[in-house]
Protein chains: 2
Amino acid sequence: MAGETKTVQVALSERSYPIDIGVGNLGSVGALLEQRATISHAVIITDTNVSPLYLSATQTALQKTISRVDAIEIPAGETSKSVAQADQIWQQMLTLSADRKSVVVALGGGVIGDLAGFIAASFARGIDLFQIPTTLLAQVDSSVGGKVGINLPGAKNMVGAFWQPQGVLIDIDVLNSLPDREYQAGLAEVVKYGVILDPDFFAYLEGHVSDINARQPDVLQRIVARCCELKAYVVANDERETTGLRAVLNYGHTFCHAIEAVTGYGEFLHGEAVAIGMLCASRLAERLGRIEAELTQRQDALLSQLGLATKMPALCHDALIAAMQRDKKVEHGRLRFVLPDRLGHVELVGDIAEADVRESM
Amino acid sequence: MAGETKTVQVALSERSYPIDIGVGNLGSVGALLEQRATISHAVIITDTNVSPLYLSATQTALQKTISRVDAIEIPAGETSKSVAQADQIWQQMLTLSADRKSVVVALGGGVIGDLAGFIAASFARGIDLFQIPTTLLAQVDSSVGGKVGINLPGAKNMVGAFWQPQGVLIDIDVLNSLPDREYQAGLAEVVKYGVILDPDFFAYLEGHVSDINARQPDVLQRIVARCCELKAYVVANDERETTGLRAVLNYGHTFCHAIEAVTGYGEFLHGEAVAIGMLCASRLAERLGRIEAELTQRQDALLSQLGLATKMPALCHDALIAAMQRDKKVEHGRLRFVLPDRLGHVELVGDIAEADVRESM
């Protein structure tokens with residue numbers, strides 16, 4: 001293992017948990033789980049992309065401390081976040097004699113984290129969950145904070161729960177196996193943290209573009225740890241999105257979810273849609289006189305240097321607006337957006353005119 | 001409305017809620033909900049048995065304070081507690097433009113409470129829930145305590161959550177429309193509270209058999225309120241079944257669930273299986289030298305006077321034992337039972353020999 005493991009604590013009183021971020025630390029997962037709970041049965045849930053790469057190493061590591069380790073493999077891709085797939089896994093859990101003392105180990109990207117997390121939240125009314133995120137997106141975003149869920153036709157994450165894991169293990173080494181496109185998509189959420197919460201971090205990213213593009217492990221470990229810290233801070237102060245603070249994480253996401261919904265969740269990776277969504281939101285903030293054009297330009301430049309497309313694709317605006325109306329964050333039909341007022345600070349802004357939204361796309 | 005409404009408070013810090021128990025108080029549900037939250041959209045979930053009797057009155061009462069009131073009606077019966085039915089309701093919620101600020105109103109018996117409760121726990125990662133239990137069983141048991149869920153093939157309540165309602169309204173008057181068989185089944189859980197927690201209450205039941213059988217409203221209001229108090233006490237001290245206290249509520253239930261599973265959840269009403277299960281558990285306690293035969297006889301006599309069958313039906317004992325092994329309360333294969341050691345007190349007893357279990361059936 002190269003270098004030291006960094007630990008970020010997510011402070012949620014009796015639901016607090018550590019995120020261990022290392023380089024080459026996958027083999028320590030058995031010991032890590034043992035520290036957190038007495039476990040004699042683990043069910044790894046993974047997908048057809050991740051399984052050939054990391055399932056065997058994860059099984060071996062878990063078997064060091066857990067007597068019974070099973071694995072459930074599902075088809076890779078967003079379409080697996082369905083009621084039908086969840087139903088199948090619930091029944092497989094039963095077949096594997098999983099019970100209240102079993103732990104679900106989510107080994108994969110955001111789809112696996114969300115789906116396996118929902119299985120853990122609902123099987124036997126909720127069992128322990130341990131996350132091993134294997135994409136950059138999952139490492140900096142979906143594995144932290146306890147949001148789990150599946151999609152309904154036309155409505156992403158519409159069925160789910162807030163379910164905190166017992167712990168998260170992040171191995172920076174696994175990012176080496178990510179295709180460029182998926183790696184770059186993850187960087188969109190990284191940039192987001194700078195815009196919404198931390199101008200110094202944004203500047204650090206601007207200063208380390210070539211290291212980031214070369215996937216330099218120390219730089220990545222630092223970046224992932226900072227993103228986890230920022231997300232942990234937000235989640236600790238607004239676990240269930242009730243105070244409004246957690247909403248800042250949705251910067252760019254109202255546009256993003258609309259783009260994903262209109263294109264059937266297939267054309268764009270989530271991070272790609274986030275990048276475009278952030279620029280739409282930034283332009284909307286400009287139109288409303290909240291920021292100068294320079295802030296939009298800095299985001300555009302950084303995202304472009306990190307390999308992300310920043311231009312809004314040619315999609316039907318009526319369909320996009322209709323999709324926004326179905327977003328979970330809409331309250332009784334009123335459009336609301338998370339918009340910056342300066343670098344490192346955003347606010348939830350309500351009652352925005354549809355015309356302004358259309359112009360910013 | 002005859003007499004005064006009694007209120008039982010379920011003390012769960014920020015998730016605390018009141019249970020209002022009255023006679024003829026269904027019309028006050030709109031006002032009650034208004035006290036608890038600002039709501040502009042309610043979705044009543046009910047079934048084909050309850051809908052013709054109480055849906056219209058509930059809608060009228062809700063419309064006094066809530067601008068948009070929708071209703072979803074599902075087929076009556078345990079088979080509706082399925083993944084397929086939940087999926088259908090999730091999609092109907094979407095069609096009704098339900099969002100995070102909508103409230104689910106569960107109007108019905110235990111099946112509706114469990115299913116609608118699970119919808120509330122999972123839709124948009126969890127929305128408000130209000131319960132109006134319309135069977136005696138639901139009034140004294142399933143509407144209190146936040147256990148919600150659906151069945152998997154062969155495994156009852158295997159998918160679910162702990163999800164506390166914002167409030168519960170109990171109208172004793174609705175019990176008049178219950179068929180005798182269902183009313184009597186509910187009384188089994190009433191008797192259970194006496195055995196597990198309150199010898200005076202057990203004696204009160206023994207002294208009021210004819211009033212109970214005549215469904216005398218004041219006696220029923222007192223009985224339902226006492227059951228809710230006892231369950232609220234247990235739930236407040238062990239919300240998620242972690243300290244072991246909550247397990248006392250499962251007296252008779254390991255046998256009961258096995259009987260229900262082996263007969264395909266159709267032959268016996270839940271309460272009927274509870275009555276038989278309690279007597280099995282009591283005989284098991286006798287065999288283990290924990291109690292005298294007199295305590296089993298008192299339970300047998302009271303249950304019989306209340307119209308319940310107390311004899312174990314002729315079922316395959318191997319199948320019953322196998323079903324017990326799949327029970328959620330089993331931890332890694334070891335059989336455990338809640339057994340009395342005196343009237344008003346039970347304990348969770350582990351590592352029980354299969355032979356003793358077979359003999360007590």
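A quick note: this is a predicted structure, and the numbers were derived from the prediction, not measured.

## Quick word on the overall build of chain A
Of regular secondary structure, chain A possesses 14 helices and eleven strands. Relative to the globule expectation of 21 Å for 361 residues, the C-alpha radius of gyration of chain A, 20 Å, shows essentially globular dimensions. Dimensions of chain A, computed from C-alpha atoms along their principal axes, come out at roughly 60 × 45 × 35 Å. Here chain A holds 361 residues, and the buried ones make up 61% of them. Here the contacts in chain A between residues at least 6 apart in sequence split such that 74% fall between residues at least 24 apart. A total of about 12,900 Å² of accessible surface is found on chain A, and carbon and sulfur atoms cover 47% of it. Computed over 31 positive and 43 negative side-chain charges, the separation of the two mean positions in chain A equals 4 Å.

## A word on the interface of chain B and chain A
Every contact between the two is made by 36 residues of chain B and, on the other side, 37 residues of chain A. On the surface where chain B and chain A come into contact, there are two salt bridges. Looking at the side of chain B that touches chain A, the elements that each hand over two or more residues are helix 3 (83-95), helix 4 (110-122), strand 7 (147-152) and strand 8 (155-162) of chain B. The dominant element in the side of chain B that touches chain A, judged by the number of residues it contributes, is strand 8 of chain B, at seven residues. Looking at the side of chain B that touches chain A, its residues break down into 17 nonpolar, eight polar and eleven charged.

## Re the domain arrangement of chain A
Accessible area lost upon the coming together of the parts serves often as the stated size of an interface. Residues and elements named next belong to chain A. With domains assigned, chain A is organised as domain 1 (2-177) and domain 2 (180-359). Each side of the interface is counted separately: domain 1 has 35 residues, and domain 2 has 31 residues. Overall, the association of domain 1 and domain 2 removes approximately 3,000 Å² of surface from exposure, summing both partners, and the carbon and sulfur fraction of that is 64%. A salt bridge links Glu241 to Lys147; the shortest N-O distance between them is 2.8 Å. Connecting domain 1 to domain 2 are ten residue pairs in polar contact (both at pLDDT 80 or more). For the side of domain 1 that touches domain 2, the residue count by class is 17 nonpolar, eleven polar and seven charged.

## Overview of the relation of the copies chain B and chain A
Mapping between the two copies of the chain is achieved by a rotation about an axis and a shift along the axis. Aligned on chain A, chain B shows an RMSD of 0.0 Å; the corresponding rotation is 180° and the shift along the axis is 0.0 Å. Look at the turn and shift together and you get a two-fold axis relating the two. Minimal C-alpha separation from the rotation axis in chain B is found for Val83 of chain B, amounting to 4.0 Å.

## A few points about the side chain of Ser51 of chain B
All names here are of chain B. With respect to the secondary-structure elements, Ser51 resides in helix 2 (residues 51-63). A polar contact of 2.8 Å, which involves the side chain of Ser51, links it to the side chain of Glu73. Contacts of Ser51, omitting those with residues within four sequence positions, involve Thr46, Ser56 and Glu73.

## Structural notes on the packing of helix 6 (residues 180-197) of chain A against helix 9 (residues 217-237) of chain A
Packed helices, taken two at a time, are described by their axes: the angle between them and the distance between them. Residue and element names in this part refer to chain A. Between helix 6 and helix 9, the least distance of the axes is 10 Å, while the angle of their chain directions is 55°. As summarised for this structure, helix 6 and helix 9 are arranged oblique, according to the angle between their axes. For the pair helix 6 and helix 9, the sense of crossing is left-handed. Here Tyr183, Val190, Tyr193 and Leu197 of helix 6 lie close against helix 9, whose contacting residues are Leu220, Ile223, Cys227, Leu230, Lys231 and Val234. The residue inventory of the contact of helix 6 with helix 9, partitioned by class, reads nine nonpolar, no polar and one charged.

Rules used throughout
- Residues numbered from 1 in each chain as written.
- Chains lettered and ligands numbered in written order.
- Predicted model: local features only at pLDDT ≥ 70, side-chain atom pairs only at ≥ 80, totals over all residues.
- Heavy atoms only, no water.
- Helix = DSSP H or I, 4+ residues; strand = E, 2+ residues; numbered from the N terminus.
- Rg over C-alpha atoms; globule rule 2.2 N^0.38 Å.
- Buried < 20%, exposed > 50% of the residue type's maximum accessible area, 1.4 Å probe, protein only.
- Contact = heavy atoms within 4.5 Å.
- Areas by Shrake-Rupley, 256 points an atom, 1.4 Å probe, with all protein chains shown as cover.
- Lys, Arg positive; Asp, Glu negative; His and termini not counted.
- Charge placed at Lys NZ, Arg CZ, Asp CG, Glu CD.
- Salt bridge = Lys/Arg side-chain N within 4 Å of Asp/Glu carboxyl O.
- Nonpolar A, V, L, I, M, F, W, Y, C, P; charged D, E, K, R; others polar.
- Domains from an automatic or database assignment.
- Buried area = accessible area lost by both parts, 1.4 Å probe.
- Polar contact = N/O pair within 3.5 Å; in protein donor to acceptor, adjacent residues only side chain to side chain.
- Least-squares fit on C-alpha atoms with pLDDT ≥ 70 in both.
- Axes fitted to C-alpha atoms, helices over the stretch in contact; angles between N-to-C directions.
- Parallel < 35°, antiparallel > 145°, perpendicular 65-115°, else oblique.
- Left-handed = near helix turned anticlockwise from the far one by under 90°.

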